[in-house]
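# Structure at a glance
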Amino acid sequence: MEIILELAEIVKKCELVSRNILMRKNTPHSEEKIQRNECLGKFDNLLYYGDNIDAILDLLNNGYNEKIDLIYIDPPFHTNANYSKRVVINYLGKKKALKYKAYTDIFKNGFKEYLEMITVRLLLMKELLSDRGSIYVHVDYRTVHYIKVIMDYIFGSESFLNEVVWSYKSGGSSKKQYSKKHDTILVYTKTKKYIFNPQKEKSYNRGYKPYKFKGVKEYQDTLGWYTLVNLKDVWQIDMVGRTSSERMGYETQKPEALLERIILTSSDNDSIVADFFSGSGTTIAVAEKNNRRWIGVDSASTSISTIRKRLAIIDSKDYRIIKFNRDSDIASIKYELISYDTVDKSTYRIRIALEEYNLDLDNLHINKKYIDTISEILENDSLSLIDYIYISIGQNNPLVVYEDYRDDKSLRIKEEVNFIVDKLNTDIRLNIIDVFGNISIKKIELMTK
Ligand SMILES: C[S@@+](CC[C@H](N)C(=O)[O-])C[C@H]1O[C@@H](n2cnc3c(N)ncnc32)[C@H](O)[C@@H]1O
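Residues numbered from 1 in each chain as written. Predicted model: local features only at pLDDT ≥ 70, side-chain atom pairs only at ≥ 80, totals over all residues. Heavy atoms only, no water.

## Some remarks on the overall build of the protein
The line we're drawing: Strands here are runs of E lasting at least two residues and helices are runs of H or I lasting at least four, both read from the DSSP assignment and numbered beginning at the N terminus. Our radius of gyration is a C-alpha quantity, and the globule rule it is checked against amounts to 2.2 Å times the number of residues to the power 0.38. Exposure categories follow from relative accessible area, calculated using a 1.4 Å probe and restricted to protein chains: below 20% of the type maximum is buried, above 50% is exposed, and the middle band is partly exposed. Residues are treated as being in contact if the distance between any of their heavy atoms lies within 4.5 Å. By the counting rule applied here, Lys and Arg register as positive and Asp and Glu as negative, while His and the ends of each chain are not counted. Note that the charge is assigned to NZ on lysines, CZ on arginines, CG on aspartates and CD on glutamates.
The helix and strand tally for the protein stands at eight helices and 22 strands. Against the compact-globule benchmark of 22 Å for 449 residues, the protein has a radius of gyration of 24 Å, which places it among compact chains. Once the C-alpha set of the protein is aligned to its principal axes, its extents read approximately 75 × 60 × 50 Å. In the protein, which comprises 449 residues, the share counted as buried stands at 51%. Sequence separation of 24 or more characterises 72% of the internal contacts of the protein that already satisfy a separation of 6 or more. Between the centroid of the 68 positive side chains of the protein and the centroid of its 64 negative side chains there is a distance of 5 Å.

Structure follows, in structure tokens:
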């Protein structure tokens, strides 16, 4: 009982805090629209770099109140640990693996601070949910019982729809307790008008044999006979495997199959889907692949760079990047202009060669044990640190005219870059994102012929 009252106190306190936040004015320090394929019109897809409170406030200031049909969040779980991104570099033909800090899940003032952090954000997110909307909160055994009570206070226990158990196989096992092999996803809806498109799953017949019941459709695969039934609330989905093509190296990355179920069930084609703790961008990638509009937010630069590359890999539509955090200013690139030739009356073909990449190691937030390796790489094969490169035209709404990223096999980008631009476009920029998520931008100067 005492704990329930304490949780009620937390919600009350956070209601006040969130009301104060709602009165705040906030402006991002930069905003750019990455034009890749096509424009979406009224609602752009949005990628926020910054604290999700700032992102939510910005959305509320821009007419997104009650516009979002699906919110999925996978916040830190109060694990008291730091999380990293695993990076493999192809340095002079040899593979080197290292870990780069992505984000921290340590709350100096303990569990109460953690719960307050989540509660304020849940209260604000509620403002964004449409009356057809649902919110999925992905947590684990450490926090689920407390968050359930908090969600009941915020959304009302009558709005509780499901407790989905995601069960998986990977990770260690224990001889002293049952091995912990599931996370819990709490599902709440804003009203009773919520979107719910039931998805099907296989249900194997007893003994894998055909039942041959009248009117029941049966199917067969290599395991045996099954029927298709509406999804149950226990989902067995494998974690992203080491060799999986969706693997981005982000430690807490969730499988696309998990997000696919959620997005297909609780959103429609015209829906906006949001994830305020985006990490490697699983929600965004699945929303994009399924033609949903999306909003992604993360406060870690590693996350934002990972998401940008992930969007390039799936050849996404245009999106807008809104930054509340500033990019680090520790990287620079040198290139050589090889040539620029007239293709026709109005266009040039430009060729450049990347020459050297540089990083200020004093300000790179990486474990000291890797510094010698990185400094050696910078000296001998600095271009091996480049993860994603694109050439853009214009500053505020850059049009991407060329892009390339490291694939899992070669782990290299092309060092000679060849692209066509309109002769009138003089603001041509070389954008580099390295394996740690640092960004450097250089204007490409054409000497007048
Ligand atoms: C568990 S990870 C999300 C993983 C993600 N579901 C995926 O599939 O990759 C949590 C993320 O929340 C981000 N985060 C933590 N606190 C945040 C905050 N206040 N605002 C925005 N992002 C935050 C962290 O940087 C981290 O990337």
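## Quick notes on the packing of aromatic side chains
Note the threshold: Here a Phe, Tyr or Trp ring, Trp counted by its six-membered ring, pairs with any other such ring whose centre lies within 6.5 Å, and the pair is stacked when the planes are under 30 degrees apart, edge-to-face when over 60, and tilted otherwise.
Following the criterion strictly, the structure yields 18 aromatic pairs and no others. Here Phe155 and Tyr188 contribute two aromatic rings whose centre-to-centre distance is 6.0 Å and whose plane-to-plane angle is 40°, an arrangement assigned as tilted. Taken together, the positions of Phe155 in helix H4 (residues 144–155) and Tyr188 in strand S8 (residues 182–189) put the pair 33 residues apart, joining distant regions of the chain. Pair check on accessibility: Phe155 and Tyr188 agree, each one buried. Ring geometry for Tyr194 versus Phe196: centroids 6.3 Å apart, planes at 85°, classification edge-to-face. Among the aromatic residues, those joined into a cluster by ring pairs are Phe107, Phe111, Tyr114 and Tyr146.

## Notes on the layout of surface pockets
Which entries qualify depends on this criterion: Cavities and pockets are defined on a 1 Å grid built over the protein atoms alone: a cavity is a set of grid points where a 1.4 Å probe fits but cannot escape, while a pocket is an open set with protein on both sides within 12 Å along at least five of seven lines, and lining residues are those with an atom within 4 Å of any such point. Grid points are joined across faces, edges and corners, and a volume is the space filled by probe spheres set on the points.
The calculated volume of the second largest pocket comes to roughly 780 Å³. Around the second largest pocket, the lining comprises 26 residues; the ones closest to its centre are Ser244, Arg247, Met248, Gly249 and Asp408. The set of elements that each furnish at least two residues to the lining of the second largest pocket consists of strand S4 (81–91) and helix H7 (301–313). In terms of residues, the lining of the second largest pocket owes the most to one element, S4, which gives four residues.

## So, the pattern of salt bridges
Test applied: A pair is scored as a salt bridge if a Lys or Arg side-chain nitrogen falls within 4 Å of a carboxyl oxygen belonging to Asp or Glu.
Using the criterion set out here, one finds 29 salt bridges in the structure. Among the ionic pairs, Asp44 bridges to Lys33, the shortest N-O distance being 3.1 Å. Pair noted here: Asp44 is in the loop between strand S1 (30–34) and strand S2 (46–49) and Lys33 is in strand S1, with a separation of eleven residues, a long-range link. For Lys33, a relative accessible area of 9% translates into the label buried. Among the salt bridges present, the one from Glu201 reaches Lys232, with a minimum N-O distance of 3.2 Å.

Everything listed is a geometric property; what it means functionally is a separate question.
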